[in-house]
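# Examination of the molecular architecture
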Amino acid sequence: MSELWCDAGKGYHPASAPDYLPVPQLRALQLRRLKSVTRRVYDQVALFRERMQARNITPDNIKSLEDIALLPFTQKTDLRDTYPFGLFASPMSDIVRLHASSGTTGKPIVVAYTKEDVEVWTSVMIRSFASCGLHQGDIIQNSYGYGLFTGGLGAHYGAEGLGATVVPVSGGNTQRQIMLMKDFGVTAICCTPSYFLHILDQCKELKVNIRDLPLKVGVFGAEPWTEEMRKRIQAESNVEAYDIFGLSEIIGPGVAIECPHHNGLHVFEDHFYPEIIDIETNQPCPDGQEGELVLTTLTKKAMPMIRYRTHDISRLRTDVCPCGRTIRRIERIARRSDDMLIIRGVNLFPSQIEAALLTVEGTLPHYQIVLSRDKGLDQVEVLVEVTPEFFSDRVGSLEALRHKLSHSIENTVGIRAQVRLVEPHTIQRSEGKAKRVIDRRNA
Amino acid sequence: MKLKQLSLFLENKPGTLTAPCRLLHQAGLNILTLSLADTNEFGILRLVLRDWEKAKKVLEQGGCVVKVTEVVAIEVDDRPGGLAQILEAVEKAQLNVEYMYAFTLKKENKGMLVFRFDNPDEAIAALKQRHVNIVDSVELFDRLEC
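### With respect to the sheet that holds strand β11 (residues 291–297) of chain A
As a general point, the strands of a sheet are linked pairwise by backbone hydrogen bonds and lie either parallel or antiparallel. Residue and element names in this part refer to chain A. With respect to topology, 3 strands assemble into an open sheet ordered β10-β11-β12, the strand pairing being antiparallel. Every interior strand has two partners, whereas the edge strands, β10 (272–277) and β12 (308–314), have only one. Each adjacent strand pair in this sheet contributes to an overall mean axis angle of 30°, direction not counted. Note: β10 against β11, 6 bridges, orientation antiparallel. Across the sheet, residue Phe 272 finds its bridge partner in β11, namely Thr 297.

What follows is the structure, encoded as structure tokens:
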């Protein structure tokens, strides 16, 4: 039975049942929950109540799912402004866990969970792992950071809830990670995609053939990544790369995940109601149109979020997925509206640079975009780490590679960028997330 | 007949040349000869060492990008025209020289050059036919150490 857990209709993991609800039943459930969460924040959270009052609405105005558009948006700044506990809808005595963002600039963002919230989080993570075809018997190495960051504990509870064996290795010490993968017979790994590329690099240096390991599934998230990156990971290992999406403000990892068809990420919309809005007009977009993903937590108790602006660019897909799940999909998120760089008037997303670099044979995309201004003109420099695979001892070959990369960027994004080859490990990585952009234009 | 050479990627910034040399020093490895190719953006340091395998390991562990290349050591008469004679043989054999540099060593009026060819095996065969003296690594290290 376990092999069939990810198949529709027959023997899926019991926790995955809501993935396959008949659509009318799902919508009715969502409406019930939307009414309830609107009531909860109106009664319990001053900020939400004041904003609703300013719009002359009460929870009674929510009569259909479309009425969600009546509700005000919530922004990341709202969490900062009410730091630390201003958006809590539960008394502290009911709160069993606090998490916080790393907060490199100013105050961190705090998120809270009741016992029930942790249970919901665990259940969506179980559904996420099940969607990747994982089950009891799998050995999951959890390389997301443990601690205030939601990634580590979120994945941990889900993997345990699934009945899998968890290796709670957290981030860092890559050599030890590889040793454990080998010695424990790890079958799946959770980490950021850029950290997995680093693991692949290290395996080569340590002369470990990653294909000799039983590792077959990678659950990659916590940073935007591209289809090209998936191709590269899958070409260099036997790992099937799954994109997982989540954010602490909503719950942590486990908001949406791919199924084996890899055609978008199924949103666990019985808990997280997705909307796509037009960035210019802030109006809801019809399904299928690109815009910013906005999420409302339908069941969160400690800290519900109403129409939270994720700044992630995506679109909602309603076409039926062959996996049989009825929950809608969002398209994979490769860019964020606040990631967007405007260079000499041209819009540019870091992911476009990544895609351009990946089209050139032999490069692994450890890259960084450095923006500066020279005589009033924006300058773009892309640092690319040299790896043993593409290092040549001929000056000409390296120069040719540099030009190829530079041309590829110009062809893809229409911007002339200076490519500079740098020594490995030059580009700073924090919590496994690579810092992709350094903007010195206003320095 | 071929000689193993290590090539290292270096960024063009202060201190990058010191780091690998320090690593070799700490491991007690002596550089027999070297050459440095540089552009505005980056450099390539090419090294010949006796224990190149150990050197490669030490450098890689120290975070360097290292590539092993096969080069050819050729004996050359230390007199005017000595190099021209070798290059004529190279030209006649229609071999393409990627780059070359010299050893500082000199023995009985013979100098020593390092050549990087497209295809070292082909080059060795062609040059031997033309009576150019190719020095193998055993002999080379013997000469360097006496």
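Next comes the rest of the write-up.
### With respect to the domain arrangement of chain B
Accessible area lost when the parts come together is the quantity often used to give the size of an interface. Residues and elements named next belong to chain B. Structurally, chain B comprises domain 1 (2–69) and domain 2 (71–145). Taken over C-alpha atoms, the centre of domain 1 sits 22 Å from the centre of domain 2. If you list the elements that add at least two residues to the side of domain 1 that touches domain 2, you get β1 (2–11) and β2 (31–38). Looking at the side of domain 1 that touches domain 2 element by element, the count peaks at 4 residues for β2. In terms of residue class, the side of domain 1 that touches domain 2 is made up of 4 nonpolar, 4 polar and 2 charged.

### A look at the sheet that holds strand β19 (residues 418–422) of chain A
Residues and elements named next belong to chain A. Pairing in this open sheet of 4 strands is mixed, and the strands run β19-β18-β17-β22 from one edge to the other. Both outer strands of the open sheet, β19 and β22 (437–439), are each paired with one neighbouring strand and no more. Averaged over all neighbouring strand pairs, the angle between strand axes comes to 25°, with direction disregarded. Bridge count for strand β18 (residues 377–385) against β19 is 5 bridges, and the pairing is parallel. Directly across from Glu 381, in β19, lies its bridge partner Gln 418. Helix α9 (residues 350–358) contacts β17 (367–374), β18 and β22 of the sheet and is inclined by roughly 120° relative to β17. Relative to β19, helix α10 (residues 395–413) is tilted by about 135°, and along the sheet it contacts β18 and β19.

### Let's talk about the packing of helix α6 (residues 174–184) of chain A against helix α7 (residues 193–205) of chain A
Residue and element names in this part refer to chain A. Direction vectors running N to C along α6 and α7 enclose 80°, while the axes themselves pass 10 Å from each other. Taken together, α6 and α7 sit at an angle that is classed as roughly perpendicular. Of the residues in α7, those in contact with Thr 174, Gln 175, Gln 177 and Ile 178 of α6 are His 198, Ile 199, Gln 202 and Cys 203. Here the contact of α6 with α7 is built from residues that sort into 3 nonpolar, 5 polar and no charged.

### Some points on the packing of helix α4 (residues 115–131) of chain A against helix α5 (residues 150–162) of chain A
If you want to describe how two helices pack, look at the angle between their axes and the distance between the axes. Residues and elements named next belong to chain A. Here α4 crosses α5 at 70°, and the two axes come no closer than 7 Å. Taken together, α4 and α5 sit at an angle that is classed as roughly perpendicular. In this structure, α4 meets α5 at a crossing whose hand is right-handed. Across the interface between the two elements, Val 118, Trp 121, Thr 122, Met 125, Ile 126, Ser 128, Phe 129 and Ala 130 from α4 touch Gly 154, Ala 155, Tyr 157, Gly 158, Ala 159, Gly 161 and Leu 162 from α5. Classifying every residue of the contact of α4 with α5 by side-chain character gives 10 nonpolar, 5 polar and no charged.

### Quick notes on the environment of Asp278(A)
Residues and elements named next belong to chain A. Mapped onto the secondary structure, Asp 278 falls in the loop between β10 and β11. Using a count of 13 C-beta atoms within 10 Å as the deciding quantity, one classes Asp 278 as partly exposed. C-alpha of Asp 278 to C-alpha of Leu 398: the two residues are 120 residues apart in sequence and 43 Å apart in space. If near-sequence neighbours (up to four positions away) are discounted, Asp 278 is found in contact with Gln 283, Cys 285 and Gly 291.

Cut-offs used in this document
- Residues numbered from 1 in each chain as written.
- Chains lettered and ligands numbered in written order.
- Predicted model: local features only at pLDDT ≥ 70, side-chain atom pairs only at ≥ 80, totals over all residues.
- Pairing = 2+ DSSP bridges.
- Helix = DSSP H or I, 4+ residues; strand = E, 2+ residues; numbered from the N terminus.
- Axes fitted to C-alpha atoms, helices over the stretch in contact; angles between N-to-C directions.
- Domains from an automatic or database assignment.
- Nonpolar A, V, L, I, M, F, W, Y, C, P; charged D, E, K, R; others polar.
- Contact = placed C-beta atoms within 7 Å.
- Parallel < 35°, antiparallel > 145°, perpendicular 65-115°, else oblique.
- Left-handed = near helix turned anticlockwise from the far one by under 90°.
- Buried ≥ 20, exposed ≤ 12 C-beta atoms within 10 Å, placed from the backbone.

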